[in-house]
Protein chains: 4
Amino acid sequence: MSNTFGECFKITTFGESHGPAVGVVIDGCPPRLPLDVAEIQAELNRRRPGQSEFVSPRQEADQVEILSGLFDGHTLGTPIALMVRNADARSGDYANLENVYRPSHADYTTEAKYGIRDPFGGGRASARETLARVAAGAIARKLLDLVAGIEVVGWVDRVQNISAQVDPTTVTRSDVEAASSIRCPDKQAALAMEKLIASVRSQGDSVGGALCCVARNVEPGLGAPVFDKLEADLAKAMLSIPAVKGFEIGSGFAGTYLTGSQHNDEFVPPEAGDGRLSTLTNNSGGVQGGISNGEDILVTVAFKPTASIGLEQRTVNSDLEPVTTTIRGRHDPCVLPRAVPIVEAMMCLVLADHWLRQQTMKVVSGTPSSSFDSL
Amino acid sequence: MSNTFGECFKITTFGESHGPAVGVVIDGCPPRLPLDVAEIQAELNRRRPGQSEFVSPRQEADQVEILSGLFDGHTLGTPIALMVRNADARSGDYANLENVYRPSHADYTTEAKYGIRDPFGGGRASARETLARVAAGAIARKLLDLVAGIEVVGWVDRVQNISAQVDPTTVTRSDVEAASSIRCPDKQAALAMEKLIASVRSQGDSVGGALCCVARNVEPGLGAPVFDKLEADLAKAMLSIPAVKGFEIGSGFAGTYLTGSQHNDEFVPPEAGDGRLSTLTNNSGGVQGGISNGEDILVTVAFKPTASIGLEQRTVNSDLEPVTTTIRGRHDPCVLPRAVPIVEAMMCLVLADHWLRQQTMKVVSGTPSSSFDSL
Amino acid sequence: MSNTFGECFKITTFGESHGPAVGVVIDGCPPRLPLDVAEIQAELNRRRPGQSEFVSPRQEADQVEILSGLFDGHTLGTPIALMVRNADARSGDYANLENVYRPSHADYTTEAKYGIRDPFGGGRASARETLARVAAGAIARKLLDLVAGIEVVGWVDRVQNISAQVDPTTVTRSDVEAASSIRCPDKQAALAMEKLIASVRSQGDSVGGALCCVARNVEPGLGAPVFDKLEADLAKAMLSIPAVKGFEIGSGFAGTYLTGSQHNDEFVPPEAGDGRLSTLTNNSGGVQGGISNGEDILVTVAFKPTASIGLEQRTVNSDLEPVTTTIRGRHDPCVLPRAVPIVEAMMCLVLADHWLRQQTMKVVSGTPSSSFDSL
Amino acid sequence: MSNTFGECFKITTFGESHGPAVGVVIDGCPPRLPLDVAEIQAELNRRRPGQSEFVSPRQEADQVEILSGLFDGHTLGTPIALMVRNADARSGDYANLENVYRPSHADYTTEAKYGIRDPFGGGRASARETLARVAAGAIARKLLDLVAGIEVVGWVDRVQNISAQVDPTTVTRSDVEAASSIRCPDKQAALAMEKLIASVRSQGDSVGGALCCVARNVEPGLGAPVFDKLEADLAKAMLSIPAVKGFEIGSGFAGTYLTGSQHNDEFVPPEAGDGRLSTLTNNSGGVQGGISNGEDILVTVAFKPTASIGLEQRTVNSDLEPVTTTIRGRHDPCVLPRAVPIVEAMMCLVLADHWLRQQTMKVVSGTPSSSFDSL
């Protein structure tokens, strides 16, 4: 099913970017979870356009309405439906684009797939759809925090060729928010990124870069050994975000330049009073054979430069004639700052799902004396 | 469900690396597809250990048996079950490893997840499970070839720091097979790769690298705009392969260093007599907004260096005591040559699934006069 | 997933009976289907309370709002989200019931499952949830009509011991609507049913009965031979409707009193000019081995007497103390008239889903010369 | 997916009745469950043909082989694949039937769906496929017994018009096995049934009837309020068995003749020392609003008379010509005795699945003080 994500903590999103509303139905959230609509709104506000000069000026309050699944401040265990009305929709900005296939946009492929499309904005392919994921992710985060003590932090790690220095083992969400509106916790790098984005925007152009996201305090045992490897579900989650072109877990592509003896993560026994094994290095990125090993789960996500640019471009219209086009409208010169809550939301959704799935593996009490003793 | 992949063309694999058998059930393959068991066996032979000095010497004939779903050389539309018996299983090679958590292997995480594990080899996390995918992929390839004319070609693009020069728009499967047992179609690079792997193997160490895989002649319209983006399902498919740590589509991470005006793929009208739009560049990697645009679909997959090495390593055993271990057994100093058919199989499975899914989108004949005319 | 139904034409419903709204997301509806909101509203009006003296007087306009998936009177192929606001919610009628487990209601089991419940009305277990199915069913019906020419007609066949005489091969939807507000097309029986229900209502009691539903012009080949037999999916669909306790297809329980020679449906060759095989009798109910055979699909559904009655009953409260209770509020003395559009909707949903699923079976053109010739 | 059943405890079956093998992959069975292949074989032996003169004489040892998922007498948490080779396959009994559409069989509908079929026996529609369910059901039963103390007992309740007197609250599996090879625990009725079946068989004819199945000691809270109601999943499970034409839970069709005041199940407080609510009557059949209430779950299943009869019948062949046919081969004059383990297996599968699903609902500890207190 194209519009559903997750097995146990399952979300289904709906809504075109310029239709009446965008929303999500969350099915499988456990009952009795305390939940305040303000917690969801806070995450939506982080994703909202118009927050700074570095992102789209589209005017959207993005006020969430809860349609079902909550009672008296707690989840009921039934589907939680959330909705945000589109306000600044169907503006004249799209009048000149209605039959133009914008370069590197989904206009042409949408037409190819469906034989019909809403000519206002990106329809389902628009980044506006991601607000539904952010709303659902806020609930997943609440669950992870309450039942598992897991925390998830994302940040802008690189804009074009400006890289940040960030320690994934200690960086906090408030570090990320406090440093700059870029959501890069390395203040010096953030400053340079701001300058770069301002310059690119003034030229009517755009830039991309890389986000990192870490999950800490993840118990060993989440994930699965074959198709639903934790890294596989994270990769799908991240590549399902608009504009993402690449994904790494742990050492990623850089690790492929090492030898096995350099790359392997040596296990070390638990410290006194701490029952948990750890590894000396974390090239594995917290996942071995598809299953969490208790170390930090660290992923890197590549975002291409925004396809919507103000410069004149050559393309083709729906009559297959060559045309030139200049994209007006309300677009981000760099999507990375607003992508941070989206990447975090997707990671929270994957972890909440796998955490719930793992519960059914624990039901037979006791362990066979030892699987090894009896050989 | 952890052991199933796909929505319409759906496979479920089973089998531990040292249990009685490994196999797969394919559900959703259309009826009346001509299919010869030799076509499946040919792909399995490409994945089989013992093919050259550069891969594992484990002795396995990997002879496939068809248990159901075929009659008189054609698919019945019912589940196709395939099975390969494990022959060279449970050897003494694992005697000294039975309670050791091998570094960067899944021994510890399997124990953490299930509270029990088969101490012989990697169980489900073993690369042996991938033979089931290769068998299923052979059937997906047959379907793609017959109903859609799609071809899928993979090759070793880089081993550690030795890169090949390959033209993805023209490289053929026979180019890949003919050049060397490394499965790198650039003969000069292949020679250097062979030397590198031989050297690393003699040191008891291992190396990784990058594979590329291209799908050509994919009709526009496959994929979906949200979670089941073609690149998202491909990313999941690739990250579900053992030892994979990264994924790129099209321009990938390199594209994040460009500006939008450099990165956007300009549309060009169809040539005379050819009704299909194309793009001047292919940074998109054949997918825009999650949906194929008719250009070549090109992905790059990062494989870490093999975790099994012959050098002595420090680690921890199941009593959480520090130990040293040396891995004997039958391992690959570099998994990339044998990974080519696996990566191809996963791409075939994703495309076959999405091709079938797309059929249900085509059922309402005619197009509303024009979605734009009526505005 | 508890709140989703269907594989290809998939619906996810949400909403508590006394929460802000009830709605549905339909995923998988093909694009380009002409669709008017009035067609959906018309079906909702048939299900709506307050239509006659024989059903609940709850005041609900049940005005549907389309949130996504439509553009310019056609489906986009994207999720169609529909919503109905609850108006007459959380009335004082439930004040005295808030901690009482009503007999044969879901109050106690909801509490047992979730450890929490919305004390107003039946929450998710309420028949109010079925409006979401009726809305979705209207779209499924539109698809079936347009692409397959299938028609689905349901009617009240029996109320308690008053049975109707109806010919399933010819009865029309307008017959059903025209005859009486009971939705029984046998006018004489309908009159007797009205009298019975009026009498039962005046006593503060309730009655049940049986509905029939027929699908005509269903092409041979829909369904599946094992778990997703057409009759299995229909049985699940019908038993998922509140108050349903039994299901039959074709000869049902009555057929178990026959011998095989009496029960078997003799095949007869096509009439001249008509290529389709038929059967002399239809004990199979249009389905053989889980797959449609082209004959009318006929099901019978048993509805228990409404659990909400005005008579004083003994029960237990949430402190597990014995109490007596009298249910006020707005309830149906007989649910069958309003259940007709619900049963029809569920049948439309099952058939639309299986019709779409069947499309992927048809993709390999040609038939192997003959599966029999080559033996 | 047509050949998969269940959400958490999920089975996928494969195999044609006269192909190489029939089998099943069970995905989602928790790890560490003690499991002996003999437990599975015992259930298969109950379903096996050739057990008595009242069932098919097809010669099949039905010896099960475990291909994966077990180690050292315990489940690994990985897919459990089981297989039974077909021995007595492709006999000459089908030579005269290869292009005949047997009345009330799936020959024609299989051809209509797939455009191809295995002419030997019923292919996937054959009752032989059910051995895979019985094998999987044995594992589900083991899980239910170990983690939940649930017991499931089925019996033949009626053959044509001969009904048994059985107390569902006390009948045991050994009662059922001990009484007669008919699997009817009412010995007097069983004797009459035997006579009837023998008489019918001697006439080359067949009979049907009704099975009952009860689940005892089911905790309150299993199931779901909407589509996946426990009774809905049970109905699907039962209607997916070959030859089943009807399903009832609790009072079923008989209950539709009662009034609400007669039908409602009065709650009674727990007895001293027993914390569990109960009901005075059990018209609900142990399920209210789709969720178990702790009472016995009781279902009744209607089996039509076997379609394979020895009498000459008129039908049509694949050239659409009228023909007469006499079915030789190895068929059951009455399927009910062999259907008992199948019905039990399906009930065990549904309950194991829902029991596992319920685990994810329990993860938030504590209950909001009281959902009612805060109003």
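Computed from a predicted model, the values in this text were never measured in an experiment.

Engineer: Just to check I follow, could you spell out helix 2 (residues 107–114) of chain D for this structure?
Structural biologist: Since the α-helix packs 3.6 residues into each turn, any two residues three or four apart lie on the same face. Burial analysis of helix 2 of chain D places seven of its eight residues in the buried class, the great majority of the element. Listed as buried for helix 2 of chain D are Asp-107, Tyr-108, Thr-109, Thr-110, Glu-111, Lys-113 and Tyr-114 of chain D. Those residues of helix 2 of chain D that are buried lie in contact with strand 13 (267–268), strand 15 (287–288), strand 16 (291–292) and helix 8 (336–359) of chain C together with strand 8 (100–101) of chain D. Gly-115 of chain D, located one to two residues past helix 2 of chain D, shows a positive phi value of around 70 degrees.

Engineer: Just checking my understanding: could you explain the pairing of strand 18 (residues 313–317) of chain A for this structure?
Structural biologist: Residue and element names in this part refer to chain A. With four of five residues buried, strand 18 is to be regarded as a mostly interior element. When strand 18 meets strand 19 (residues 322–325), the two strands line up antiparallel, connected through four bridges. Across the sheet, residue Val-316 finds its bridge partner in strand 19, namely Pro-322. Counting the residues that bridge the hairpin from strand 18 to strand 19 gives four residues, and of these Leu-320 lies at a positive phi of roughly 65 degrees.

Engineer: What should I look at first to understand the sheet that holds strand 19 (residues 322–325) of chain B in this one?
Structural biologist: Remark on secondary structure: sheet strands pair via backbone hydrogen bonds, oriented parallel or antiparallel. If you trace the three strands from one edge of the open sheet to the other, you get 8-18-19 (chain B), paired in antiparallel fashion. In this open sheet, the two strands that pair with only one neighbour each are strand 8 (100–101) and strand 19 of chain B.

Engineer: How do you make sense of the relation of the copies chain D and chain C when you look at a structure like this?
Structural biologist: Two chain copies here: they are related by a rotation about an axis and a translation along the same axis. Turning chain D through 180 degrees and shifting it by 0.0 Å along the axis lays it on chain C, with an RMSD of 0.0 Å. Such a combination of rotation and displacement between the chain copies is what one expects of a two-fold axis. An overlap of 100% is found between the interface residues of chain D and their copies at the interface of chain C, pointing to a shared contact surface.

Engineer: So what exactly am I meant to see when it comes to unusual backbone geometry here?
Structural biologist: Most peptide bonds take the trans configuration, and most residues that are not glycine carry a negative phi. Of note in the backbone geometry, Asp-62 of chain A takes a positive phi value of approximately 50 degrees without being a glycine. Looking at the element boundaries, Asp-62 of chain A is found in the loop between helix 1 (37–47) and strand 4 (64–68). Note on Asp-62 of chain A: relative accessible area 2%, which makes it buried. Look at Gln-160 of chain B: it is not a glycine, yet its phi comes out positive at around 45 degrees. Its place among the elements puts Gln-160 of chain B in the loop between strand 9 (151–159) and strand 10 (162–163).

Engineer: Would you explain the pattern of salt bridges in this entry?
Structural biologist: Two side chains with opposite charge may pair up if their charged atoms get near one another. Following the criterion strictly, the structure yields 96 salt bridges over all chains and no others. Across the pair Lys-236 of chain B and Asp-233 of chain A runs a salt bridge, and its minimum N-O distance is 2.7 Å. Highlighted residues: Lys-236 of chain B in helix 6 (residues 230–239) and Asp-233 of chain A in helix 6 (residues 230–239), drawn from two different chains. A single burial state applies to Lys-236 of chain B and to Asp-233 of chain A, both of which are buried. Note that Asp-107 of chain D is salt-bridged to Arg-117 of chain D, the shortest N-O span being 3.6 Å. Pair noted here: Asp-107 of chain D is in helix 2 and Arg-117 of chain D is in the loop between helix 2 and helix 3 (130–148), with a separation of 10 residues, a long-range link.

Cut-offs applied
- Residues numbered from 1 in each chain as written.
- Chains lettered and ligands numbered in written order.
- Predicted model: local features only at pLDDT ≥ 70, side-chain atom pairs only at ≥ 80, totals over all residues.
- Heavy atoms only, no water.
- Buried < 20%, exposed > 50% of the residue type's maximum accessible area, 1.4 Å probe, protein only.
- Helix = DSSP H or I, 4+ residues; strand = E, 2+ residues; numbered from the N terminus.
- Contact = heavy atoms within 4.5 Å.
- Pairing = 2+ DSSP bridges.
- Least-squares fit on C-alpha atoms with pLDDT ≥ 70 in both.
- Salt bridge = Lys/Arg side-chain N within 4 Å of Asp/Glu carboxyl O.

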